[in-house]
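Spelled out from the first residue to the last, the chains are:
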Amino acid sequence: MKLGTILLILGLIIAGIGIYFWQDNSPTFLGYRSDEAQQYFSMGIGGMVVGGILASVGIVMMVVKKK
């Protein structure tokens, strides 16, 4: 149960950081995005995916251990 909770919290934090990077570096003015912003934009999407997977695994671990 402890490991599932830790994975859930860690996954939500990573996903939150990914959302910040994704939204902060999204194109805002006529679709302009610098090359450096593209790297952080992609890193934000990757962070959301990894964080979502970790959070999902944490939830599944908590449910399975409870039975």
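## Points about the overall build of the protein
Phase 1: In terms of regular secondary structure, the protein is built from 2 helices and 0 strands.
Phase 2: Split by element, the accessible area of the protein, about 4900 Å² in all, is 72% carbon and sulfur.

## Topic: the environment of leucine 12
Phase 1: Along the chain, leucine 12 falls in helix H1 (residues 2-24).
Phase 2: Its relative accessible area of 52% is what places leucine 12 among the exposed residues.
Phase 3: Separated by 36 residues in sequence, leucine 12 and methionine 48 have C-alpha atoms that sit 8.7 Å apart.
Phase 4: The contacts of leucine 12, once residues within four sequence positions are left out, are Gly51 and Ala55.

## Let's talk about H1
Phase 1: The end-to-end C-alpha separation of H1 is 33 Å, in line with the 33 Å expected for 23 residues at 1.5 Å each.
Phase 2: For H1, every residue scored as buried is listed here: Gly4, Leu7, Leu8, Gly11, Ala15 and Gly18.
Phase 3: The inward-facing, buried residues of H1 contact helix H2 (35-66).

## Regarding the packing of aromatic side chains
The geometry of an aromatic ring pair is captured by the separation of the ring centres together with the interplanar angle, meaning the angle of the planes.
Phase 1: For the coordinates displayed, the defined rule picks out 3 aromatic pairs.
Phase 2: Ring centres of tyrosine 20 and phenylalanine 21 lie 5.8 Å apart, and the angle between their planes is 55 degrees; on these two criteria the pair is classed as tilted.
Phase 3: The exposure class assigned to tyrosine 20 is exposed, which follows from its relative accessible area of 51%.
Phase 4: According to the relative accessible area criterion, phenylalanine 21 is partly exposed, its value standing at 25%.

## Some words on H2
Phase 1: A rise of 1.5 Å per residue sets the reference length of H2, with its 32 residues, at 46 Å; its end C-alpha atoms lie 47 Å apart and thus fit the reference within 8%.
Phase 2: Regarding H2, the residues found buried are Ala37, Phe41, Gly44, Gly47, Gly51, Ala55, Gly58 and Met62.
Phase 3: Where H2 is buried, its residues meet H1.

## Concerning the environment of glutamine 39
Phase 1: One can find glutamine 39 in helix H2.
Phase 2: Distance from glutamine 39 to asparagine 25, taken between C-alpha atoms, is 8.9 Å for residues 14 residues apart in sequence.

## Some points on the packing of H1 against H2
Phase 1: Viewed as axis vectors pointing N to C, H1 and H2 meet at an angle of 160 degrees, and their least axial separation amounts to 7 Å. The orientation of H1 relative to H2 falls into the category roughly antiparallel. Relative to H2, H1 is oriented so that their crossing is left-handed.
Phase 2: Tallied by class, residues from the contact of H1 with H2 come to 21 nonpolar, 9 polar and no charged.

What counts, and at which threshold
- Residues numbered from 1 in each chain as written.
- Predicted model: local features only at pLDDT ≥ 70, side-chain atom pairs only at ≥ 80, totals over all residues.
- Heavy atoms only, no water.
- Helix = DSSP H or I, 4+ residues; strand = E, 2+ residues; numbered from the N terminus.
- Areas by Shrake-Rupley, 256 points an atom, 1.4 Å probe, with all protein chains shown as cover.
- Buried < 20%, exposed > 50% of the residue type's maximum accessible area, 1.4 Å probe, protein only.
- Contact = heavy atoms within 4.5 Å.
- Expected span 1.5 Å × (residues − 1).
- Phe/Tyr/Trp six-rings, centres within 6.5 Å; stacked < 30°, edge-to-face > 60°.
- Axes fitted to C-alpha atoms, helices over the stretch in contact; angles between N-to-C directions.
- Parallel < 35°, antiparallel > 145°, perpendicular 65-115°, else oblique.
- Left-handed = near helix turned anticlockwise from the far one by under 90°.
- Nonpolar A, V, L, I, M, F, W, Y, C, P; charged D, E, K, R; others polar.

Distances and angles like these do not, on their own, reveal function.
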